[in-house]
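# Results of the structural survey
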Amino acid sequence: MRVLFVLFALMSLSSCKLLHDSLINAEAEPEVVELKTTAYCSSPETMEVFQEYCKLDTWAEKIIQASSIAWPARIEMIEALGDDPKSLLEKILLIQSDDTPYRNRLRAQGWIEELQTFTDKGMTQILEVIVFQHSQQLLELESAITILSQVNSRQAKTIGAQEVQIEEKNKQIETQRKQVEQLLDIEASMVNENRSDNK
């Protein structure tokens, strides 16, 4: 559900920004890409290739459906799909759930870049804003978490080694203390013997 919320939020923000930019740059840019919430495909060629995926409802339905399917089942679905542009888009949408492993999410980023060569400007921009940027943030967070985990693991090992060294030092100190006590006991008994002899 979080992915769907981010999808809608990003789409709303990008639509507002595009409207604002198109109003400001209307004279400077002869060709303005108009993004609509109902259709991502602006050319007949793209509509023919992506068919039902030209509509937001299909993207949202696929992402919601994917969020209720465990990763092992989704990876089987992904592997069963082909490499044509529509199948690539289906694979990308199946990968957007939070439980997708890092390696597979990274692979999907490559698919997005490949897919953008087949799409018109509208769908290219939607792929960038709604899917690519969100996935990239997750990848960066996972990388940071992995690095922190490795640092914590190294620190835990270092602390563990230091604790062992401290324990060994404490044992050595205890051994030395006992030896000193034994020497003091010997010395005390010798002093007592001398006193007895002197009496």
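Everything numeric here is computed off the predicted structure, so don't read it as measured data. (Residues numbered from 1 in each chain as written. Predicted model: local features only at pLDDT ≥ 70, side-chain atom pairs only at ≥ 80, totals over all residues. Heavy atoms only, no water.)

Take the overall build of the protein chain next. Looking only at helices and strands, one finds seven helices and zero strands in the protein chain. A buried classification covers 32% of the 199 residues belonging to the protein chain. A fraction of 65% describes how many contacts in the protein chain between residues 6 or more apart in sequence connect residues 24 or more apart. Put simply, the protein chain shows about 13,300 Å² of open surface, and 57% of that area lies on carbon and sulfur atoms. (Helix = DSSP H or I, 4+ residues; strand = E, 2+ residues; numbered from the N terminus. Buried < 20%, exposed > 50% of the residue type's maximum accessible area, 1.4 Å probe, protein only. Contact = heavy atoms within 4.5 Å. Areas by Shrake-Rupley, 256 points an atom, 1.4 Å probe, with all protein chains shown as cover.)

In terms of nonpolar packing, the biggest core is built from 27 residues, with Phe50, Trp59, Leu89, Trp111, Leu115, Met123 and Leu127 touching the most fellow members. Listed by contribution, the elements that provide at least two residues to this core are α3 (56–67), α4 (71–80), α5 (85–94), α6 (102–115) and α7 (121–198). The element contributing the most residues to this core is α7, with seven residues. (Core = buried A, V, L, I, M, F, W, Y, C linked by side-chain atoms within 4.5 Å.)

What follows deals with the side chain of Lys91. Considering the arrangement of structural elements, one finds Lys91 in helix α5. Note on Lys91: relative accessible area 5%, which makes it buried. A polar side-chain atom of Lys91 sits 3.0 Å from a polar atom in the side chain of Asp83. Other than its neighbours up to four places away in sequence, Lys91 contacts Ile78, Leu81, Gly82, Asp83 and Trp111. (Polar contact = N/O pair within 3.5 Å; in protein donor to acceptor, adjacent residues only side chain to side chain.)

The tally for this structure, following the rule as stated, stands at six salt bridges. A salt bridge links Arg74 to Asp99; the shortest N-O distance between them is 3.0 Å. You can see Arg74 sitting in helix α4 and its partner Asp99 sitting in the loop between α5 and α6, a full 25 residues away along the chain. Among the residues examined, Arg74 registers a relative accessible area of 0% and is labelled buried. Taking relative accessible area as the criterion, Asp99 reaches 43% and is therefore assigned partly exposed. Glu181 is paired through a salt bridge with Arg177; the nearest N and O atoms lie 2.3 Å apart. With Glu181 and Arg177 both in helix α7, this residue pair falls four residues apart, about one helical turn. Via salt bridges that share partners, Glu174, Arg177 and Glu181 belong to a single interconnected network. (Salt bridge = Lys/Arg side-chain N within 4 Å of Asp/Glu carboxyl O.)

The next point concerns the packing of α5 against α6. Where α5 contacts α6, the axes come no closer than 10 Å and their chain directions differ by 145°. Once α5 is placed against α6, the crossing between them reads as left-handed. Contact residues: Pro85, Leu88, Leu89, Lys91 and Ile92 in α5; Ala108, Trp111, Ile112, Glu114 and Leu115 in α6. Of the residues assigned to the contact of α5 with α6, the class counts are eight nonpolar, no polar and two charged. (Axes fitted to C-alpha atoms, helices over the stretch in contact; angles between N-to-C directions. Left-handed = near helix turned anticlockwise from the far one by under 90°. Nonpolar A, V, L, I, M, F, W, Y, C, P; charged D, E, K, R; others polar.)

The N-to-C vectors of α3 and α5 enclose an angle of 45°; their axes lie 8 Å apart at closest approach. What the angle tells us is that α3 and α5 run oblique. In contact with Trp59, Lys62, Ile63 and Ala66 of α3, α5 contributes Leu89, Leu93 and Leu94. Here the residues of the contact of α3 with α5 are counted per class, giving six nonpolar, no polar and one charged. (Parallel < 35°, antiparallel > 145°, perpendicular 65-115°, else oblique.)

The next point concerns α6. Here α6 contains 14 residues, and its C-alpha end-to-end distance of 20 Å stays within 8% of the 20 Å for a straight helix at 1.5 Å per residue. Taken together, the buried positions of α6 are Asn104, Arg105, Ala108, Gln109, Trp111, Ile112 and Leu115. The buried residues of α6 occupy an angular sector of 165° when the element is viewed end-on, so they sit on one face. (Expected span 1.5 Å × (residues − 1). Arc of directions from axis to C-beta.)

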